[in-house]
Amino acid sequence: MTKIGLLSDTHGWLNPAIYDFFKDCDEIWHAGDIGDYDITIELTAFKKLRAVFGNIDDWEIRADFPQFQIFKVEDISSIQIDDVDNRRRNLLYKWRKLQ
């Protein structure tokens, strides 16, 4: 079974306790508002990273990470998104209907 470490809203600061807390995880999922590109470098060096950009993230983060993503891990579908506005709410509604 894949173990997932979930976090979001780091806003440019990564608590060092994350490394101990997520040591047994296979992947880290960051749900946006990363705040500093160096955080993605640190997390990727530590574990597999799946991330989306948030409304505070700059062009550098937005260039490498999508606004939302849909993927499967061990036959479980997941959607990763930072903020749900009306446009994305419609996407979520359509995605749920497909499940």
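Here, the structure is the one placed above.
The text that follows walks through the structure, step by step, so that each part is easy to find. (Residues numbered from 1 in each chain as written. Predicted model: local features only at pLDDT ≥ 70, side-chain atom pairs only at ≥ 80, totals over all residues. Heavy atoms only, no water.)

**Side note on the overall build of the protein**
When you go through the protein residue by residue, the secondary structure sums to four helices and five strands. Across the 99 residues that make up the protein, the buried fraction comes to 38%. Taking contacts inside the protein between residues at least 6 apart in sequence as the whole, the part at least 24 apart equals 34%. Here the protein has roughly 6400 Å² of accessible surface; of this, 52% comes from carbon and sulfur atoms. (Helix = DSSP H or I, 4+ residues; strand = E, 2+ residues; numbered from the N terminus. Buried < 20%, exposed > 50% of the residue type's maximum accessible area, 1.4 Å probe, protein only. Contact = heavy atoms within 4.5 Å. Areas by Shrake-Rupley, 256 points an atom, 1.4 Å probe, with all protein chains shown as cover.)

**What about the pattern of salt bridges?**
Overall, the coordinates contain three salt bridges when judged by the stated rule. A salt bridge links D20 to K23; its shortest N-O distance comes to 3.2 Å. Judged by its relative accessible area of 52%, D20 is exposed. Relative accessible area serves as the criterion here: at 46%, K23 is assigned to the partly exposed category. In this structure, the salt-bridge partner of R50 is E27, at a minimum N-O distance of 2.7 Å. Separated by 23 residues along the polypeptide, R50 in strand β3 (residues 48-51) and E27 in strand β2 (residues 27-30) bring together distant segments of the chain. Comparing R50 with E27 shows no difference in burial state: the two are buried. Here the salt bridges share partners, and the residues they tie into one network are E27, K48 and R50. (Salt bridge = Lys/Arg side-chain N within 4 Å of Asp/Glu carboxyl O.)

**A few points about the environment of F46**
The topology assignment puts F46 in helix α2 (residues 37-46). In the structure, F46 is positioned 18 residues away from I28 in sequence and 9.1 Å away in space, judged by C-alpha atoms. The residues contacting F46, other than those within four sequence positions of it, are I18, Y19, F22, K23 and I28.

**Concerning the nonpolar core**
Among the nonpolar cores identified, the biggest contains 15 residues, and L14, F22, I28, L43, L49, I61 and F65 are the most heavily contacted of them. Per element, the largest residue contribution to this core is three residues, and it comes from α2. Among all residues touching I61, those that are not within four sequence positions of it are I34, G35, D36, Y37 and F53. (Core = buried A, V, L, I, M, F, W, Y, C linked by side-chain atoms within 4.5 Å.)

**What about the sheet that holds β3?**
Strands sit in the order β1-β2-β3 across an open sheet of three strands; the sheet is parallel. The sheet is open, and its two edges are formed by β1 (4-7) and β3, each paired on a single side. Here the average twist between neighbouring strands, direction ignored, is 20 degrees. The pairing of β2 with β3 spans four bridges and is parallel. Each residue of the ladder has a partner; that of I28, found in β3, is L49. (Pairing = 2+ DSSP bridges. Axes fitted to C-alpha atoms, helices over the stretch in contact; angles between N-to-C directions.)

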